[in-house]
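Descriptive analysis of the structure
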Amino acid sequence: MDTIEKLIQRVRKTQHGFLDIQKAADEVIAGHTAKESLRIAKQLFSSEIYQVRSLATFIFGRLAANSKESLDFLKRRVSQDNDWRVQEILAKAFDRYCADVGYEQALPVIKEWLADSSPNVRRAVTEGLRIWTGRPYFQDHPEVAIQLLSQLRNDESEYVRKSVGNALRDISKRHKELIAIELQRWDIANKRVAQTHKLASKFLQDKGAG
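Residues numbered from 1 in each chain as written. Predicted model: local features only at pLDDT ≥ 70, side-chain atom pairs only at ≥ 80, totals over all residues. Heavy atoms only, no water.

1. What to know about the overall build of the protein chain
Looking only at helices and strands, the protein chain has 13 helices and zero strands in total. For the protein chain, the succession of helices and strands along the chain, N to C, is α-α-α-α-α-α-α-α-α-α-α-α-α. In terms of overall dimensions, the protein chain is globule-like: its C-alpha atoms have a radius of gyration of 18 Å, near the 17 Å expected for 210 residues. Dimensions of the protein chain, computed from C-alpha atoms along their principal axes, come out at roughly 60 × 30 × 30 Å. Each of the 210 residues in the protein chain was classed as buried or not, and the buried ones make up 52%. A separation threshold of at least 6 residues defines the contact pool for the protein chain, and within that pool the share at least 24 residues apart is 62%. (Helix = DSSP H or I, 4+ residues; strand = E, 2+ residues; numbered from the N terminus. Rg over C-alpha atoms; globule rule 2.2 N^0.38 Å. Buried < 20%, exposed > 50% of the residue type's maximum accessible area, 1.4 Å probe, protein only. Contact = heavy atoms within 4.5 Å.)

2. Describing the environment of Ala124
Of note, Ala124 is situated in helix 8 (residues 119–128). Sequence separation of Ala124 and Ile110 is 14 residues, and the distance between their C-alpha atoms is 9.7 Å.

3. Quick look at the packing of aromatic side chains
In the structure shown here, the tally under the stated rule is eight aromatic pairs. With 5.4 Å between their ring centres and 90° between their planes, Phe45 and Phe73 make a pair best called edge-to-face. One end of the pair, Phe45, is in helix 3 (residues 34–45); the other, Phe73, is in helix 5 (residues 68–76), and 28 residues separate them in sequence. Joined through ring pairs, the aromatic side chains of Tyr103, Trp132, Tyr137 and Phe138 make up one cluster. (Phe/Tyr/Trp six-rings, centres within 6.5 Å; stacked < 30°, edge-to-face > 60°.)

4. Regarding the side chain of Ser118
Topologically, Ser118 is positioned in the loop between helix 7 (107–114) and helix 8. On the basis of relative accessible area, Ser118 is assigned to the buried category, the value being 10%. Non-local contacts of Ser118, meaning those with residues more than four positions away in its chain, are made with Ser79 and Gln80.

5. Side note on the side chain of Lys75
By secondary structure assignment, the location of Lys75 is in helix 5. When residues no more than four places from it in sequence are discounted, the contact partners of Lys75 are Glu112, Trp113, Asp116 and Val121.

6. So, the pattern of salt bridges
In the structure shown here, the tally under the stated rule is 20 salt bridges. Salt-bridge contacts for Arg130 lead to Glu127; the nearest nitrogen and oxygen are separated by 3.0 Å. Of the residues examined, Glu127 reaches a relative accessible area of 19% and is grouped as buried. The partner of Lys162 in a salt bridge is Glu158, and the shortest N-O contact between them spans 3.7 Å. One end of the pair is Lys162 and the other is Glu158, both in helix 10 (residues 158–172) and four residues apart, which spans about a single turn. What makes Glu158 partly exposed here is its relative accessible area of 41%. (Salt bridge = Lys/Arg side-chain N within 4 Å of Asp/Glu carboxyl O.)

7. Here's the deal with the environment of Ala145
Mapped onto the fold, Ala145 is located in helix 9 (residues 142–150). What makes Ala145 buried here is its relative accessible area of 0%. Placed 16 residues apart in sequence, Ala145 and Arg161 show a C-alpha to C-alpha distance of 15 Å.

8. Concerning the nonpolar core
Leu44, Ile110, Trp113, Trp132 and Phe138 are the most contacted members of the largest nonpolar core, which has 66 residues in total. Here this core gets eight residues from one element, more than from any other, and that element is helix 4 (residues 50–63). Beyond its immediate stretch of four places on either side in the chain, Leu44 contacts Ile4, Leu7, Ile8, Val52, Arg53, Leu55, Ala56 and Ile59. (Core = buried A, V, L, I, M, F, W, Y, C linked by side-chain atoms within 4.5 Å.)

Below you can see the structure in the form of structure tokens.
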């Protein structure tokens, strides 16, 4: 049984969670060159089995910091996958890329993805970096995280708006005042903005703020 088939047989058994799939990706990276790992990931991503495509996505995420081809594959190909579980792994893969290059150094790519036409690409950032202020750089610069997320408060995708609102809600646990000040600027007469606002202000409302 060749490497690809062994990997397929292994990860297709995973029905809940992703830890063994992630472990399998780590083993691929450890046991192969970057070029070989990229080839394996591309082959795996052609599978009809979502667990196998998830494995490929983890591998691309591990390679992305040193491989523009891998990062582009995540953005253009993985983002088009119809399975929501693969999209969850895309978010994790993007966060891995940011962690590997450094969150401050990743800011141009973070902004590029947040401005992309695909809602799955935008959500990979908003969801992948949660909790944003638990990440290096944003931990010391919560205002930057708030500003980046708030730009998407009126996003055309409800899927993205929910992620944005929940991410801002997370930040409000430690930065209530910053979130309250930001939310005061929003036009909640706009229904889409109001939906994001409702999620983002959940913990503020408990204290009578926002």
